[in-house]
Amino acid sequence: MRGWQVVLGLAILMGSPVVELKAVTAQESIWKRFTSQRGGFSIVMPGTPKERKESGLTLFELIRDDESVRYSVGYLDLPVAPGNDKKLQNEVYEGVRKGAAKDQGELLSFRSIQFKGFPGREMNFKLPDEMVAKWRVYLVNRRAYFVNVTTTRANQEQGLATSIDVFLNSFRLVGKR
C-alpha cells in the first residue's frame, strides 16, 4: 500500500480531517554534463567551466571557493601518438609530475589505468597548505587528456569524496578518435 493511502485510511478511521499531501521534489542538481566537441570529450561538472589556454594546453576549470575545490579537465595535442611505447607514455606522465613539482607538489602515489583500451595513469599529489590533487591522464592517439581535482585533504577524505569520484569517473570521449 502506498504511503498516501495509509495516511488517508488512518484519517478516515480516526475521523481526522484529511490534510493534502504534497509531493516533495529534490532540488535540481547543479551537476551537468559539459561537452567540448573540439576537445572530443564530455564530463559531468557542478556548473559551467571557464576555458583557458596555456602553452598548447586547453583547460576547462570550475572553481568552487565555498567548497575549496577546483575541478579541471583539459587536453594537449602531442607530436606523436605514444601508443604502447612505455618510454613516450612515461614522458607525458613525468611532465605532469614535474608540473606539480613546480607548485611544490609531492607525488604520493600513482597507478597505471586504462580508458577504453587507451593507457593512462592516476596520480595523487600532496600540495602546500593541506591541499591535495588527484589526476587522471589518458593517452588517446595523439592527444593527452588531463582530468583532475584539487581540494583540501579533509574534503578529499570526507566531504567531497563522492563528488570527486563522480567527476573523475564521468569522463567520456565524443566524436571520432
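Fair warning: this is a prediction, and the values are worked out from it, not measured in the lab.

K.L.:
Which residues make up the side chain of Arg64, and what values go with them?
P.N.:
Tracing the chain through its elements places Arg64 in strand β4 (residues 57–64). Under the relative-accessibility criterion, Arg64 is labelled buried at 18%. Only 3.0 Å separates the side chain of Arg64 from the side chain of Glu67, close enough to count as a polar contact. Leaving out residues up to four positions away in the same chain, Arg64 has contacts with Ile30, Pro46, Val69 and Tyr71.

K.L.:
Describe in detail the sheet that holds strand β2 (residues 41–45), supporting the description with residues and values.
P.N.:
Taken together, 3 strands build an open sheet; the order of strands is β1-β2-β10 and the sheet is antiparallel. With one partner strand each, in any of the chains shown, β1 (32–36) and β10 (172–173) form the two edges of the open sheet. As paired elements, β1 and β2 share 5 bridges and run antiparallel to each other. In the strand pairing of β2, Lys32 is matched with Met45.

K.L.:
Break down the pattern of salt bridges for me, with residues and values.
P.N.:
By the definition in use, this model includes 10 salt bridges. Two residues, Arg52 and Glu61, come together in a salt bridge whose shortest N-O distance is 2.8 Å. For Arg52, a relative accessible area of 33% corresponds to the partly exposed category. Accessibility expressed as a relative area gives 12% for Glu61, which makes it buried. Across the pair Asp77 and Arg143 runs a salt bridge whose closest N-O atoms are separated by 2.7 Å. Within this pair, whereas Asp77 is found in strand β5 (residues 69–77), its partner Arg143 is found in strand β9 (residues 143–152), the two being separated by 66 residues in sequence.

K.L.:
Describe the confidence of the model for the protein, listing the residues and the values that go with them.
P.N.:
Overall, the predicted model of the protein reaches an average pLDDT of 83, with 84% of residues at or above 70. Confidence drops under pLDDT 50 across residues 1–27; counting only partners more than four residues distant or on other chains, this segment forms 6 contacts.

K.L.:
An account of the nonpolar core is requested, with residue identities and associated values reported.
P.N.:
Counting residues in hydrophobic clusters, the biggest one holds 22 residues, and the most contacted among them are Phe41, Ile43, Tyr138, Val147, Phe167 and Phe171. Only β2, β4, β5, β6 (106–115), β8 (131–140), β9 and α4 (161–169) provide two or more residues apiece to this core. If one sorts the elements of this core by residue count, β5 sits on top with 4 residues. Contact partners of Tyr138, with chain neighbours within four places excluded, come to Ile113, Phe115, Pro119, Gly120, Arg143, Ala144, Tyr145, Val147, Leu168 and Phe171.

K.L.:
Describe the sheet that holds β6, with residues and values.
P.N.:
Taken in spatial order, the 7 strands line up as β3-β4-β5-β9-β8-β7-β6 in an open sheet, and their pairing is antiparallel. Pairing within the sheet leaves two strands with one partner each, and these edge strands are β3 (50–54) and β6. The mean inter-strand angle of the sheet, taken between neighbouring strand axes irrespective of direction, is 20°. Here β4 runs beside β5; their pairing, made up of 8 bridges, is antiparallel. Within the sheet, the bridge partner assigned to Thr58 lies in β5 and is Tyr75. Contacts between helix α2 (residues 86–102) and the sheet are confined to β6, β7 (118–127), β8 and β9, with β7 contributing the most and set at about 15° to the helix. Running over the sheet, α4 touches β5, β8 and β9 and is turned about 175° from β9.

What counts and what doesn't
- Residues numbered from 1 in each chain as written.
- Predicted model: local features only at pLDDT ≥ 70, side-chain atom pairs only at ≥ 80, totals over all residues.
- Heavy atoms only, no water.
- Helix = DSSP H or I, 4+ residues; strand = E, 2+ residues; numbered from the N terminus.
- Buried < 20%, exposed > 50% of the residue type's maximum accessible area, 1.4 Å probe, protein only.
- Polar contact = N/O pair within 3.5 Å; in protein donor to acceptor, adjacent residues only side chain to side chain.
- Contact = heavy atoms within 4.5 Å.
- Pairing = 2+ DSSP bridges.
- Salt bridge = Lys/Arg side-chain N within 4 Å of Asp/Glu carboxyl O.
- pLDDT = per-residue confidence, 0-100.
- Core = buried A, V, L, I, M, F, W, Y, C linked by side-chain atoms within 4.5 Å.
- Axes fitted to C-alpha atoms, helices over the stretch in contact; angles between N-to-C directions.

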